[in-house]
Amino acid sequence: MCGLFGYDFSRPLAPGVAARLLRELARLNERRGPHSWGWFAPTPPSGGIRVRGLGSIIGAEGADFCAMAAYPTIMGHTRYATHGAVTAANAHPMRVVGPGGAGVVAMHNGVVHNHAELNARLPPNQRVEVDSMHAFRRLARPEGVAALADLRAYGVLVWYRVGTAGLRLASFDGELSIARVVDRAGAGRGVVWSSERGALLHSLSAAGLVGTILRVEDRREYVVLKGALSAPRAVVPVPHPAPHGNFHPMRCAEPARAPTFSWVSNWSWPPQGWSK
């Protein structure tokens, strides 16, 4: 099963701390998805940085955790291929255009059980190799999560609607743990998520961070914006390091930010070969 991880901070962490957090999240989630990996950093209002690769994310050329730490928001994925070949094109996150030329950048941990049935309804030139693409195409529509009604699926979706503020998360009988991270004074600072709670707790501890686990309701869309999660139902205390901070941040030089770019200006609707 695939792994999901990421964070969104209203105030940046020290680069070495953020890089340590990302590396531990990626390393522990790789056990769930060894075939390929990818990450995305939104750069509002319309662009973003998307990097994908094959094999292990640890040590990969495109997975420089110090460089990734330059961004306040990161969504990451490790893929276990269930439908579709192991190729960079099939690695998550994927981008899908929607009506009006915008669209989503999305990742999925789970399975769409009626993948073959949904493909059979489509003309041959519109069929997809990766089952998650059925969900991504629907998320690109204006109705969002409501458009998923005809899917027989489970798992967790994380996506960014291009041109809007905030990431979105939704669980459909899937595994997802989210923590609200605070500073030593107890002030809110951001949210961190992972497919497994154990991986989340370990990564927070490794980075010397303090937080509380948020209880996420199933089949509900959440928005992550400016270091906060919309309407968390309840919180559960998370064990955290002693105040002296028994952790080892990564050694990061001042990272050079990758050049940003906009996809929106290059997208058109409908895509070539697509009929509405």
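The coordinates are above.
Rules used throughout
- Residues numbered from 1 in each chain as written.
- Predicted model: local features only at pLDDT ≥ 70, side-chain atom pairs only at ≥ 80, totals over all residues.
- Heavy atoms only, no water.
- Buried < 20%, exposed > 50% of the residue type's maximum accessible area, 1.4 Å probe, protein only.
- Helix = DSSP H or I, 4+ residues; strand = E, 2+ residues; numbered from the N terminus.
- Arc of directions from axis to C-beta.
- Contact = heavy atoms within 4.5 Å.
- 1 Å grid on protein atoms, 1.4 Å probe; cavity = no way out; pocket = protein on both sides within 12 Å on 5 of 7 lines; lining within 4 Å.
- Points joined across faces, edges and corners; volume = space filled by probe spheres on them.
- Nonpolar A, V, L, I, M, F, W, Y, C, P; charged D, E, K, R; others polar.
- Pairing = 2+ DSSP bridges.
- Axes fitted to C-alpha atoms, helices over the stretch in contact; angles between N-to-C directions.
- Disulfide = S-S within 2.5 Å.

## With respect to helix H5 (residues 197-206)
Okay, so step 1: Buried within H5 we find Ala199, Leu200, Ser203, Leu204 and Ala206. Buried residues along H5 cover an arc of 160° about the axis, so they all sit on one side.
Okay, so step 2: One or two residues past the end of H5 sits Gly208, with phi positive at roughly 70°.

## A few points about helix H4 (residues 132-139)
Okay, so step 1: Along H4, eight of the eight residues are buried, which leaves the element largely enclosed by surrounding structure.
Okay, so step 2: For H4, every residue scored as buried is listed here: Ser132, Met133, His134, Ala135, Phe136, Arg137, Arg138 and Leu139.
Okay, so step 3: Against the buried residues of H4 lie strand S5 (94-97), strand S6 (103-112), helix H3 (115-120) and strand S7 (153-161).

## What about empty space enclosed by the protein?
The rolling of a water-molecule-sized probe over the atoms marks out the regions of remaining empty space.
Okay, so step 1: By the definition in use, this model includes one cavity of 30 Å³ or more.
Okay, so step 2: As a volume, the largest cavity reaches approximately 80 Å³.
Okay, so step 3: Looking at side-chain class alone, the lining of the largest cavity contains five nonpolar, six polar and two charged residues.

## A short note on the sheet that holds strand S8 (residues 167-172)
Sheet strands associate in pairs through backbone hydrogen bonding, adopting either a parallel or an antiparallel arrangement.
Okay, so step 1: Overall, antiparallel pairing links the six strands, which are arranged S5-S6-S7-S8-S12-S13 in an open sheet. In this open sheet, the two edge strands, each paired with only one partner strand, are S5 and strand S13 (228-229).
Okay, so step 2: Relative to S8, S7 runs antiparallel, the two sharing five bridges. Opposite Val156, over in S8, you have Ser171 as the bridge partner.
Okay, so step 3: The strands that H4 touches are S5, S6 and S7; relative to S6, the one it contacts most, it runs at about 145°.

## Overview of the state of the cysteines
Okay, so step 1: One pass over the structure, following the stated rule, counts one disulfide.
Okay, so step 2: Note that Cys66 is cross-linked by a disulfide to Cys252, the S-S spacing being 1.9 Å. Residues Cys66 and Cys252 share a disulfide whose torsion about the S-S bond is about -75°; that sign makes it left-handed. Residue Cys66 is found in helix H2 (residues 65-68), and its partner Cys252 is found in the segment after strand S14 (235-237); the two are separated by 186 residues along the sequence.
Okay, so step 3: When its relative accessible area of 23% is taken as the criterion, Cys252 is described as partly exposed.

## Some words on the side chain of Ser36
Okay, so step 1: Note that Ser36 resides in strand S2 (residues 36-43).
Okay, so step 2: Overall, the relative accessible area of 0% leaves Ser36 in the buried class.
Okay, so step 3: Those residues within four positions of Ser36 in sequence are excluded, and the remaining contacts are Gly53, Leu54, Gly55, His77, Thr78, Arg79 and Ala91.

## Some details on the pairing of strand S12 (residues 222-225)
Okay, so step 1: Only one face of S12 is buried: it carries Tyr222 and Val224, and the other face, with Val223 and Leu225, is open.
Okay, so step 2: As defined by bridge partners, S8 adjoins S12 across three bridges and the pair is classed as antiparallel. In the sheet register, Leu167 faces S12, and the bridge partner there is Val224.
Okay, so step 3: Of the pairings in the sheet, the one linking S12 to S13 comprises two bridges and is antiparallel in character. Counted as the bridge partner of Val224 is Leu229 from S13.
Okay, so step 4: In textbook terms, the turn of a hairpin is the stretch between consecutive antiparallel strands, and for S12 and S13 this stretch comprises two residues, one of which, Lys226, has a positive phi near 50°.

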